[in-house]
Amino acid sequence: QVQLVESGGGLVQAGGSLRLSCALSGRTLSGYTMGWLRQAPGKERAIVAAINWSGVTTYYADSVKGRATISRDNAKNTVYLQMNSLKPEDTAVYYCAARGIVGGRLLGSPEYDYWGQGTQVTVSS
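The residue numbers shown here count from 1 along each chain, following its written sequence. Where local features are concerned, this predicted model is filtered to residues with pLDDT of at least 70; where side-chain atom pairs are given and counted, the filter is 80 or more; whole-chain, interface and lining totals use all residues. Hydrogens and water molecules were not included; the side-chain quantities draw on all heavy atoms of the structure.

Engineer: Before we move on, can you summarise unusual backbone geometry with the specific residues and values?
Structural biologist: One non-glycine residue with positive phi stands out, namely Asn77, at about 55°. Helix numbering and strand numbering both begin at the N terminus, where a helix is a DSSP run of H or I of at least 4 residues and a strand a DSSP run of E of at least 2. Its place among the elements puts Asn77 in the loop between strand E7 (68-73) and strand E8 (78-83). Buried means the residue's accessible area, taken with a 1.4 Å probe over protein chains only, is under 20% of the maximum for its type, while exposed means over 50%, and partly exposed covers the values in between. The class for Asn77 is buried, based on a relative accessible area of 17%. With a phi close to 45°, Ser85 is a non-glycine residue in the positive phi region. Turning to its location among the elements, Ser85 is positioned in the loop between E8 and strand E9 (92-100).

Here it is as structure tokens:
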């Protein structure tokens, strides 16, 4: 079974940066489209960024375009989300997610098959 473990969350001041990591175990990362989603208090979970199996194609939500970079290292079975110029509205629980590459879903789809436990990111003003 696929297991996902996130790390790298924490408290950061507005304007700062964070790098989230997600380690996949149980399968080979290259077989999965990977995504980062977030859920703020009182809001629905929403896609932040996604990356296809090879890392060639990425997707970003409008709210993070220009401030976020998603990347993957298939050899290390790890996906990353670099967030810069953080804003208080970026405060949320960030989830790493995976889905099989077969299925035809658009890269920006929030539908995933496997989820991590989430890591809290808090941006203070």
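Engineer: Break down the sheet that holds strand E3 (residues 18-25) for me, citing the residues and quoting the values.
Structural biologist: Two strands are said to pair when DSSP picks up at least two bridges between them. Across the sheet, which stays open at both edges, the 4 strands sit in the order E1-E3-E8-E7 with antiparallel pairing between neighbours. This sheet does not close on itself; its edge strands, each paired only once, are strand E1 (3-7) and E7. In this sheet, neighbouring strand axes are inclined to one another by 15° on average, regardless of whether the strands run parallel or antiparallel. Examined bridge by bridge, E7 and E8 share 6 bridges and lie antiparallel to one another. Bridging across to E8, Ala68 finds its partner in Met83. To get an axis, fit a line to the C-alpha atoms, keeping to the stretch in contact for a helix; angles then go from 0 to 180 degrees between the N-to-C directions.

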